[in-house]
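# Analysis of the macromolecular model
Now for the letters of each chain:
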Amino acid sequence: MEQHEQKQAQVHPARLVLFTVLSAGFLLWVGFGEIQARVWIEGQLNLLDRRIAGMWTYFGRNLPELPAAGLISMLFWLSISFVVVGTIAGLWLILGTPDDDPHNESWEAIHAAHLTDETV
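Residues numbered from 1 in each chain as written. Predicted model: local features only at pLDDT ≥ 70, side-chain atom pairs only at ≥ 80, totals over all residues. Heavy atoms only, no water.

## Re the pairing of strand 2 (residues 44-51)
As paired elements, strand 1 (residues 34-41) and strand 2 share 8 bridges and run antiparallel to each other. If you follow Glu 34 over to strand 2, its bridge partner there is Arg 51. In this antiparallel pair of consecutive strands, strand 1 and strand 2, the connection spans 2 residues, and Glu 42 shows a positive phi of 50°. (Pairing = 2+ DSSP bridges. Helix = DSSP H or I, 4+ residues; strand = E, 2+ residues; numbered from the N terminus.)

Written as structure tokens, this is what we have:
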């Protein structure tokens, strides 16, 4: 049984390579990628290409003037880092999930477990 648990704890090398490639691609996209910004100029909608990191920097530098400007700035950059780190962690969790599910979650198994549960 211990050997089976050890085998499940190991990450397949292909998943590790895929995680590395996807994470690096995401970080490159955040650092150098562009998105299309929709801006109203003189009553017309204009589509402008803007770098993601450039937009975050612009918004970080132009936060509202409040009494606790340092705290607001820290919260802004903390939330940006939370999005980036959370996306990479989500990739790791998705790619680290084993293909075979050790739990039998068929309707018959759920119904049988419900019938044998004496706490209900």
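## Focus: a nonpolar patch on the surface
Where nonpolar side chains cluster on the molecular surface, the patch consists of Leu 71, Met 74, Leu 75 and Leu 78 and spans about 390 Å² of accessible area. As for its placement among the helices and strands, Leu 71 is situated in helix 4 (residues 69-96). Here Leu 71 falls in the partly exposed class, since its relative accessible area comes to 45%. (Patch = residues over 30% accessible without salt bridge, like charges linked within 9 Å, V, L, I, M, F, W, Y side chains within 5 Å. Areas by Shrake-Rupley, 256 points an atom, 1.4 Å probe, with all protein chains shown as cover. Salt bridge = Lys/Arg side-chain N within 4 Å of Asp/Glu carboxyl O. Buried < 20%, exposed > 50% of the residue type's maximum accessible area, 1.4 Å probe, protein only.)

## Remarks on the packing of aromatic side chains
Aromatic ring pairs: the centre-centre distance and the angle between the two ring planes describe each pair. According to the stated counting rule, one finds 4 aromatic pairs in the structure shown. Both rings, one in Phe 76 and one in Trp 77, keep their centres 5.0 Å apart while their planes meet at 80°; by these two values the pair is edge-to-face. You can call Trp 77 partly exposed: its relative accessible area is 35%. (Phe/Tyr/Trp six-rings, centres within 6.5 Å; stacked < 30°, edge-to-face > 60°.)

## Details of the nonpolar core
Of all hydrophobic cores here, the largest spans 7 residues; its members are Phe 19, Phe 26, Val 30, Val 84, Ile 88, Leu 91 and Leu 95. Looking at this core, the elements with two or more residues in it are helix 2 (13-32) and helix 4. Once you skip the residues sitting within four places of it in the chain, Leu 91 turns out to touch Phe 19, Leu 22 and Ser 23. (Core = buried A, V, L, I, M, F, W, Y, C linked by side-chain atoms within 4.5 Å. Contact = heavy atoms within 4.5 Å.)

## A few points about the side chain of Ser 23
By the element assignment, Ser 23 lies in helix 2. Given a relative accessible area of 8%, Ser 23 falls into the buried group. Contacts of Ser 23, omitting those with residues within four sequence positions, involve Ile 88 and Leu 91.

## Here we look at the packing of helix 3 (residues 52-61) against helix 4
Helix 4 packs onto helix 3 with a crossing angle of 155° between their chain directions and a minimal axis gap of 10 Å. Looking at the two axes, helix 3 sits roughly antiparallel to helix 4. Each of Trp 56, Thr 57, Phe 59 and Gly 60 in helix 3 lies in contact with helix 4, whose residues at this interface are Phe 76, Trp 77, Ile 80 and Val 84. Looking at the contact of helix 3 with helix 4 residue by residue, the class counts come to 6 nonpolar, 2 polar and no charged. (Axes fitted to C-alpha atoms, helices over the stretch in contact; angles between N-to-C directions. Parallel < 35°, antiparallel > 145°, perpendicular 65-115°, else oblique. Nonpolar A, V, L, I, M, F, W, Y, C, P; charged D, E, K, R; others polar.)

## Re helix 2
With 20 residues, helix 2 extends 28 Å between its outermost C-alpha atoms, agreeing within 8% with the 28 Å of an ideal straight helix rising 1.5 Å per residue. All buried positions along helix 2 are accounted for by Phe 19, Ser 23, Phe 26 and Val 30. End-on, the buried residues of helix 2 take up no more than an arc of 60°, which puts them together on one face. For helix 2, the exposed residues set more than 90 degrees away from the buried face come down to Pro 13, Val 17, Val 21 and Phe 32. (Expected span 1.5 Å × (residues − 1). Arc of directions from axis to C-beta.)

## A word on helix 3
Quick reminder: α-helices carry 3.6 residues per turn. Residues three or four places apart thus point the same way. Residues of helix 3 that are buried: Ile 52, Met 55 and Gly 60. The buried residues of helix 3 occupy an angular sector of 135° when projected down its axis, which confines them to one face. Along helix 3, the residues that are exposed and aim more than 90 degrees away from the buried face are Tyr 58 and Arg 61. Close packing links the buried residues of helix 3 with helix 2, strand 1, strand 2 and helix 4.

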